[in-house]
Amino acid sequence: MLAGQLALVVAALFAGAALYINVAEQPARLGLDDRALLCQWKPAYRRGFAMQAPLAVLGFALGLLAWWRTGHGAWLLGAVLLVANWPYTLLAIMPTNRRLMGTEPAGAGPESRALIERWAALHAGRTALGGAATVIFLWASIS
């Protein structure tokens, strides 16, 4: 069941990257002044998006393939949870992202800091979805 094992690896990569952002990167960047905080967040967000977005789609496709080949519903559930990061990001997180990306570094201040703190709380939802998909894929692979 190569597709399922690859789905598990991809979901774990997604979840690990998301968790790293929440427990290491975000707390570290909050120690910066407002301008530097915004300047650090912008490229970090772009790079994180470029890595995590394809992982969510790839993990979904692999989970779907594993479900199609085995009929085990856990593969489908894990795939749906992983790809749910797309609509969650577009609907819940993107308005905050747009406001932050539209803020010039010279205009950084308490409002942009509060938005970055809000972004981190919203990003924790992505971490939870990725973690749940990983656990479900692991369960599917051993059951």
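Notes on the structure follow.

### Points about the packing of helix α2 (residues 34-70) against helix α3 (residues 73-83)
Describing two packed helices takes the angle between their axes plus the distance from one axis to the other.
And then number 1: With their axes 8 Å apart at the nearest point, α2 and α3 run at an angle of 165 degrees to one another. Here α2 is positioned roughly antiparallel relative to α3, judged by the angle of their axes. Between α2 and α3 lies a crossing whose hand is left-handed. For the pair α2 and α3, contact is made by L55, A56, G59, F60, G63, L64, A66, W67 and T70 and by G73, W75, L76, A79, V80, L82 and V83, respectively.
And then number 2: Looking at the contact of α2 with α3 residue by residue, the classes come out as 12 nonpolar, four polar and no charged.

### Some thoughts on the environment of V23
And then number 1: Along the chain, the position of V23 falls in helix α1 (residues 2-29).
And then number 2: Each C-alpha atom, one on V23 and one on T89, is 19 Å from the other, the two residues being 66 residues apart in sequence.

### Observations concerning the pattern of salt bridges
And then number 1: Counting across every chain of the model gives three salt bridges.
And then number 2: Note that R29 is salt-bridged to E25, the shortest N-O span being 2.7 Å. You can see R29 and its partner E25 sitting in helix α1, four residues apart, about one turn around the helix. Like R29, the residue E25 is buried in the burial classification.
And then number 3: Put simply, R113 and D34 hold a salt bridge, and the shortest N to O gap is 2.5 Å. With R113 in helix α5 (residues 110-142) and D34 in helix α2, the pair connects residues that are 79 residues apart, well separated along the chain.
And then number 4: Given the relative accessible area of 17%, R113 is considered buried.

### Concerning the nonpolar core
And then number 1: Ranked by internal contacts, the top residues of the largest apolar core, which has 18 residues, are A7, A11, F14, L62, W75, L82 and F137.
And then number 2: Elements supplying a minimum of two residues to this core: α1, α2, α3 and α5.
And then number 3: Tallying contributions element by element places α1 first for this core, with six residues.
And then number 4: In terms of nonpolar packing, the next biggest core, distinct from the first, is built from 13 residues, I21, L115, I116 and W119 among them.

### Quick look at the side chain of T103
And then number 1: Mapped onto the elements of the fold, T103 is located in the loop between α4 (85-101) and α5.
And then number 2: Look at T103 and you get buried, because its relative accessible area is 17%.
And then number 3: At 2.7 Å, the side chain of T103 and the backbone oxygen of R99 are in polar contact.
And then number 4: In this structure T103 touches L38, K42, A108 and S112, once residues within four positions along its chain are discounted.

Analysis parameters
- Residues numbered from 1 in each chain as written.
- Predicted model: local features only at pLDDT ≥ 70, side-chain atom pairs only at ≥ 80, totals over all residues.
- Heavy atoms only, no water.
- Axes fitted to C-alpha atoms, helices over the stretch in contact; angles between N-to-C directions.
- Helix = DSSP H or I, 4+ residues; strand = E, 2+ residues; numbered from the N terminus.
- Parallel < 35°, antiparallel > 145°, perpendicular 65-115°, else oblique.
- Left-handed = near helix turned anticlockwise from the far one by under 90°.
- Contact = heavy atoms within 4.5 Å.
- Nonpolar A, V, L, I, M, F, W, Y, C, P; charged D, E, K, R; others polar.
- Salt bridge = Lys/Arg side-chain N within 4 Å of Asp/Glu carboxyl O.
- Buried < 20%, exposed > 50% of the residue type's maximum accessible area, 1.4 Å probe, protein only.
- Core = buried A, V, L, I, M, F, W, Y, C linked by side-chain atoms within 4.5 Å.
- Polar contact = N/O pair within 3.5 Å; in protein donor to acceptor, adjacent residues only side chain to side chain.

Geometry only, nothing functional implied.
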